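# Summary of the model geometry
Read off the chains here:
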Amino acid sequence: QMMGRAGRPQFDDEGVAVILVHDQKKDFYRKFLFAPFPVESSLPAVLCDHFNAEVVAGTIASRQDAVEYLSWTYFYRRVMLNPSYYGLEGSTPDDVDRYLSELVEGTLLKLEMAGCVSLDDDDRHHDNGGSGSGSGSIEPTTYGRVASYYYLSYRTLGMFGERLEERGCGIPELLGVLSDAAEFDELPVRHNEDGLNEELARSCPLPVDKGAFDSPHVKANLLLQTHFARGALPIADYATDTKSVLDQAIRVLQAMVDVAADAGWLATSLWAMVLVQMVVQGRWHDGSCLLQLPHVEAGPVLERSFTVDGDNGDNGDNGGVPCVDAATFLNTIREGIIPACGDSTGCDSVACDQMVQTLLVSTGLGAQFSSCVGELQTDFTDAEAATLNVVNSCFGLADNNGGGEGGGNVSDSFGVASCAAQGMCWCVDSQSGGGGAGDGAGGDGGCYGSEYCYCETENGTQCAMVSECASWNGQCHGNDDHNGGGGSGDGAGGDGGGGCYG
């Protein structure tokens, strides 16, 4: 570079460069200028991966094959010409043979420990100081084939064997395994970037090692999390680094899927596939699918909701009690009630009773269960609708909503007393359908009107004690068409009408 500055372009046809050095270095610089500079081999640093690939390809099938394979490399030529560079004490043929045998043995043992090759006992190098030519075979394993197929380091597959397991490997764990892969060893962490990584970690949902912000693996983890959230990067260099991480991540994850699938770990395989989708789409797995569409950004989500009288809840002009959002309601029905209740022949099982009770209490539906099912009936199959009809009738929520004494035929998993004790707005006894004690209803099983009710106020509707609802100037819900009850303080409907709320 300095000699290229000698002479003035377009004015001089020659230039003079004078190099001033210490006398003892004159010969070195003269050789450096006029003689070819020796190039040494870098094969020893990556010999494990090369051996693994050759074992998978069938080129190396024994220890002797490995030694012969090395004898045809540039590395072997440089060992003969410059043995001291590679750590040899002597340069005789015996010294070189011993060195190569030990190198081959050490390399094969590393591959075996990583689970990439399988060695016969005859192929092991015994601690006798000799360089014998073992005749045992070297066989590739699944890990070795996967590493060769995806061009991955043997150390990455070894880490898979240590950290992947059948259970307990969710997205956080698999993301940690991914970012700790040897393929990210060379990810640059520049001067002062440890501070940027620490700042970036504050905006990431999954924790990282706080004592290793200068680690390339921690940086890879943070870049992946930021990619999933489509967050802002602190500097432009991080965009280049993210691209480098993403280029490597897919094949590492594909290898992870293959390893888990080969071991028969279904859950781990599925989560690894989800992580592949997260990398491709640049989204967290629990985010809205709509965010994958172009120009759609995260923001307030409008949910489809329903009320007891069929209004969609958008204008709130009818004062109806809203059901849960449609997706939650349908999933709860399909995943909870229908499997627990079985077919449409009846619903007298304790599991079915408890599942329905849990739904009604946790979602705040109460007696609105039947109305919500009716509004969404087109979303159910015929078999699902048949089961739901039985559930409705069992709980006195169908044609004779509330019913009189004996209107329901269910277990007494939740009685009036336990209902009040647990603060629930919907419970049944062995003779469901009536109101609670003291509300003038025909039956003696249900809870409504006893101590708790659905209280409607200016701030919305919620489950509350009747006295508390009154103190809020609220109204305990009743619906003449369905429940037979009336508004606040009117008691219940007629005998057998099954009034609930009063």
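This write-up is about the structure you can find in this document. Bear in mind the structure is a predicted one, so any value in this text is a computation, not a measurement.

With that out of the way, let us pick up the overall build of the chain. The helix and strand inventory of the chain stands at 18 helices and five strands. Expressed as a percentage of the 502 residues in the chain, the buried residues total 42%. The contacts of the chain with a sequence gap of at least 6 include a subset with a gap of at least 24, amounting to 55%. Surface summary for the chain: the accessible area is close to 27,200 Å², and the carbon and sulfur share equals 50%.

Let us look at the environment of glutamine 475. Its location among the elements puts glutamine 475 in strand β5 (residues 475-476). Looking at glutamine 475, the relative accessible area reads 41%, which means it is partly exposed. Linking glutamine 475 and cysteine 455, residues 20 residues apart in sequence, is a C-alpha distance of 5.4 Å.

Glancing now at the packing of aromatic side chains. Scanning the model with the defined rule gives seven aromatic pairs in all. Geometrically, the ring pair formed by tyrosine 149 and tyrosine 150 is edge-to-face, given 4.9 Å between the ring centres and 85° between the ring planes. Using a relative accessible area of 62% as the deciding quantity, one classes tyrosine 149 as exposed. Given a relative accessible area of 14%, tyrosine 150 falls into the buried group. Residues phenylalanine 228 and tryptophan 284 carry aromatic rings whose centres are separated by 5.2 Å and whose planes lie at 70° to one another, so their mutual orientation is edge-to-face. One end of the pair, phenylalanine 228, is in helix α10 (residues 216-229); the other, tryptophan 284, is in the loop between α12 (266-281) and α13 (326-341), and 56 residues separate them in sequence.

This next bit is on a negative patch on the surface. Negative charge collects at one region of the surface, where Asp194, Glu198, Glu199 and Asp214 lie side by side. Along the chain, the position of aspartate 214 falls in the loop between α9 (193-201) and α10.

Of note in this structure, tyrosine 151 is not a glycine but carries a positive phi near 55°. Residue placement: tyrosine 151 occurs in the loop between α6 (142-149) and α7 (154-163). At arginine 230, a position not held by glycine, the phi torsion is positive, near 50°. Residue position: arginine 230 is located in the loop between α10 and α11 (236-263).

A separate point is the side chain of threonine 242. The topology assignment puts threonine 242 in helix α11. Assessed through its relative accessible area of 11%, threonine 242 is described here as buried. Of the polar contacts made by the side chain of threonine 242, one reaches the backbone oxygen of tyrosine 238; its length is 2.7 Å. Excluding residues within four positions of it along the chain, threonine 242 makes contact with Leu223 and Leu233.

A few words on the packing of α7 against α11. Interhelical geometry of α7 versus α11 gives an angle of 45° and a closest axis separation of 11 Å. Taken together, the axes of α7 and α11 lie oblique to each other. The handedness of the crossing between α7 and α11 is right-handed. Together, Thr156, Leu157 and Phe160 of α7 and Val252, Ala255, Met256 and Val259 of α11 make up the contact between the two elements. For the contact of α7 with α11, the class distribution of residues is six nonpolar, one polar and no charged.

Since one α-helical turn is 3.6 residues long, residues separated by three or four positions face the same way. Every buried residue of α7 is accounted for by Tyr154, Thr156, Leu157, Gly158, Met159 and Phe160. The distance from a side-chain oxygen at the start of α7 to the backbone nitrogen of arginine 155 is 3.1 Å, and the residue carrying that oxygen is serine 153.

Among the secondary structure elements, glutamate 40 is positioned in the loop between α1 (26-34) and α2 (47-57). Within the structure, the side chain of glutamate 40 is placed 2.9 Å from the side chain of asparagine 82, a separation counted as a polar contact. Only 2.8 Å separates the side chain of glutamate 40 from the side chain of tyrosine 86, close enough to count as a polar contact. Setting aside anything within four residues of it in sequence, one finds glutamate 40 in contact with Tyr74, Arg78, Asn82, Tyr85 and Tyr86.

Criteria and cut-off values
- Residues numbered from 1 in each chain as written.
- Predicted model: local features only at pLDDT ≥ 70, side-chain atom pairs only at ≥ 80, totals over all residues.
- Heavy atoms only, no water.
- Helix = DSSP H or I, 4+ residues; strand = E, 2+ residues; numbered from the N terminus.
- Buried < 20%, exposed > 50% of the residue type's maximum accessible area, 1.4 Å probe, protein only.
- Contact = heavy atoms within 4.5 Å.
- Areas by Shrake-Rupley, 256 points an atom, 1.4 Å probe, with all protein chains shown as cover.
- Phe/Tyr/Trp six-rings, centres within 6.5 Å; stacked < 30°, edge-to-face > 60°.
- Patch = residues over 30% accessible without salt bridge, like charges linked within 9 Å, V, L, I, M, F, W, Y side chains within 5 Å.
- Salt bridge = Lys/Arg side-chain N within 4 Å of Asp/Glu carboxyl O.
- Lys, Arg positive; Asp, Glu negative; His and termini not counted.
- Charge placed at Lys NZ, Arg CZ, Asp CG, Glu CD.
- Polar contact = N/O pair within 3.5 Å; in protein donor to acceptor, adjacent residues only side chain to side chain.
- Axes fitted to C-alpha atoms, helices over the stretch in contact; angles between N-to-C directions.
- Parallel < 35°, antiparallel > 145°, perpendicular 65-115°, else oblique.
- Left-handed = near helix turned anticlockwise from the far one by under 90°.
- Nonpolar A, V, L, I, M, F, W, Y, C, P; charged D, E, K, R; others polar.

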